[in-house]
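Here's the letter readout for the chains.
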Amino acid sequence: MTFSIKTFNRHEDRSIAELHSKCIKTGFLSILPPSFLASLYRAIAKDKDSIVLTIGGQDSACYGFVAGTCSTKNLYKRVLIRKWPSFIIRILPLAIKPNFLRKIFETLLYPFYVNPAKIDYNKCEDTEAELLSIAVKDSTRRRGLGRLLVSHLDSWFTAKDCSQYSVVTAANDEDSN
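Cut-off values and rules
- Residues numbered from 1 in each chain as written.
- Predicted model: local features only at pLDDT ≥ 70, side-chain atom pairs only at ≥ 80, totals over all residues.
- Heavy atoms only, no water.
- Pairing = 2+ DSSP bridges.
- Helix = DSSP H or I, 4+ residues; strand = E, 2+ residues; numbered from the N terminus.
- Contact = heavy atoms within 4.5 Å.
- Axes fitted to C-alpha atoms, helices over the stretch in contact; angles between N-to-C directions.
- Phe/Tyr/Trp six-rings, centres within 6.5 Å; stacked < 30°, edge-to-face > 60°.
- Buried < 20%, exposed > 50% of the residue type's maximum accessible area, 1.4 Å probe, protein only.
- Salt bridge = Lys/Arg side-chain N within 4 Å of Asp/Glu carboxyl O.
- Arc of directions from axis to C-beta.
- Patch = residues over 30% accessible without salt bridge, like charges linked within 9 Å, V, L, I, M, F, W, Y side chains within 5 Å.
- Areas by Shrake-Rupley, 256 points an atom, 1.4 Å probe, with all protein chains shown as cover.
- Core = buried A, V, L, I, M, F, W, Y, C linked by side-chain atoms within 4.5 Å.
- Polar contact = N/O pair within 3.5 Å; in protein donor to acceptor, adjacent residues only side chain to side chain.

### Details of the sheet that holds strand 5 (residues 166-167)
Here comes step 1: What the 5 strands build is an open sheet, ordered 1-2-3-4-5; its pairing is mixed. Strands at the two margins of the open sheet, each flanked by one partner only, are strand 1 (4-7) and strand 5.
Here comes step 2: In this sheet, strand 4 (residues 130-136) lies alongside strand 3 (residues 62-69) in antiparallel orientation, the contact comprising 6 bridges. The residue bridging A67 from the neighbouring strand is S133, located in strand 4.
Here comes step 3: Contacting strand 2 (50-56), strand 3 and strand 4, helix 2 (residues 34-46) crosses the sheet at an angle of about 115° to strand 2.
Here comes step 4: In this fold helix 5 (residues 145-159) packs onto strand 1, strand 2, strand 3 and strand 4, with an angle of close to 155° to the strand it touches most, strand 4.

Now the structure itself:
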């Protein structure tokens, strides 16, 4: 099968949200409903310094995606300013769950908090650019689709003058480490 990379299409938001829900089991976003994730990926794709790329086949199905931004902090600010009412409506029913509000604040404050003790200044420079998420359908793994998505994202970062970017993942997530 031949695969092709393209920028996010509004009609793929549900496919991306479902793929995120199935493939990404760690982090705060993993507990949010697909309707929230679809709205979030639409907002990321509309952001001037962010991108969502998808990979599909001849059958028009979405087999994977990657999202990235030149500045997580600025992305969060712009998305929250534009989308906060619809986000609140989508997550309000979850607010009664234990630890939910704590997780919301941890996620919202993440790009603004840097723990200097955790940075190895000999190995990296401080960067705001980040690969936000990546997922590939189980049925199409081990075919290089993730590598292809990252390669295209890397080219996009280079075109945006982002010389480096971070990737944050859970230490115990075997699929991403």
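On we go from here.
### Quick word on the packing of aromatic side chains
Here comes step 1: Counted according to the given criterion, the structure contains 4 aromatic pairs.
Here comes step 2: Here the aromatic rings of F3 and Y63 are separated by 5.6 Å at their centres, their planes lie at 90°, and the arrangement is edge-to-face. Of this pair, F3 sits in the segment before strand 1 while Y63 is found in strand 3, placing the two residues 60 residues apart along the sequence. Each member of the pair, F3 as well as Y63, carries the same accessibility label: buried.

### A few points about the pattern of salt bridges
Here comes step 1: Taken as a whole, this structure holds 8 salt bridges when the rule is applied.
Here comes step 2: In this structure, K6 engages E12 in a salt bridge whose closest nitrogen and oxygen atoms are separated by 3.4 Å.
Here comes step 3: Owing to a relative accessible area of 36%, K6 belongs among the partly exposed residues under this scheme.
Here comes step 4: On the accessibility criterion, E12 (8% relative accessible area) is buried.

### Focus: helix 1 (residues 13-23)
Here comes step 1: For helix 1, every residue scored as buried is listed here: D13, I16, A17, L19, H20 and C23. All buried residues of helix 1 lie within an arc of 165° about the axis, which places them on one face of the element. Seen from the buried face of helix 1, the exposed residues on the opposite side, beyond 90 degrees, are R14 and K22.
Here comes step 2: Buried-residue contacts for helix 1 involve helix 2, strand 2, strand 3 and strand 4.

### A look at a nonpolar patch on the surface
Here comes step 1: Residues L80, W84, I88 and L92 make up a contiguous nonpolar surface patch of about 410 Å² in total accessible area.
Here comes step 2: Residue position: I88 is located in helix 3 (residues 72-91).

### Topic: the nonpolar core
Here comes step 1: Residues I16, Y41, I44, V52 and F65 are the most contacted members of the largest nonpolar core, which totals 22 residues.
Here comes step 2: For this core, the elements supplying multiple residues, two or more each, are helix 1, helix 2, strand 3 and helix 3.
Here comes step 3: Among the elements that take part in this core, helix 2 stands out by supplying 5 residues, more than any other.
Here comes step 4: Judged by nonpolar contacts, the second largest core, of 16 residues, contains I51, V66, L131 and L153.

### Considering the environment of S50
Here comes step 1: Following the sequence through the fold, S50 ends up in strand 2.
Here comes step 2: When the C-alpha atoms of S50 and G68 are compared, they prove to be 5.6 Å apart, with 18 residues separating the residues in sequence.
Here comes step 3: Those residues in contact with S50, other than ones at most four positions away along the chain, are I44, A45, G68, T69, L75 and W156.
Here comes step 4: One polar contact links S50 to D47, side chain to side chain, over a distance of 2.8 Å.

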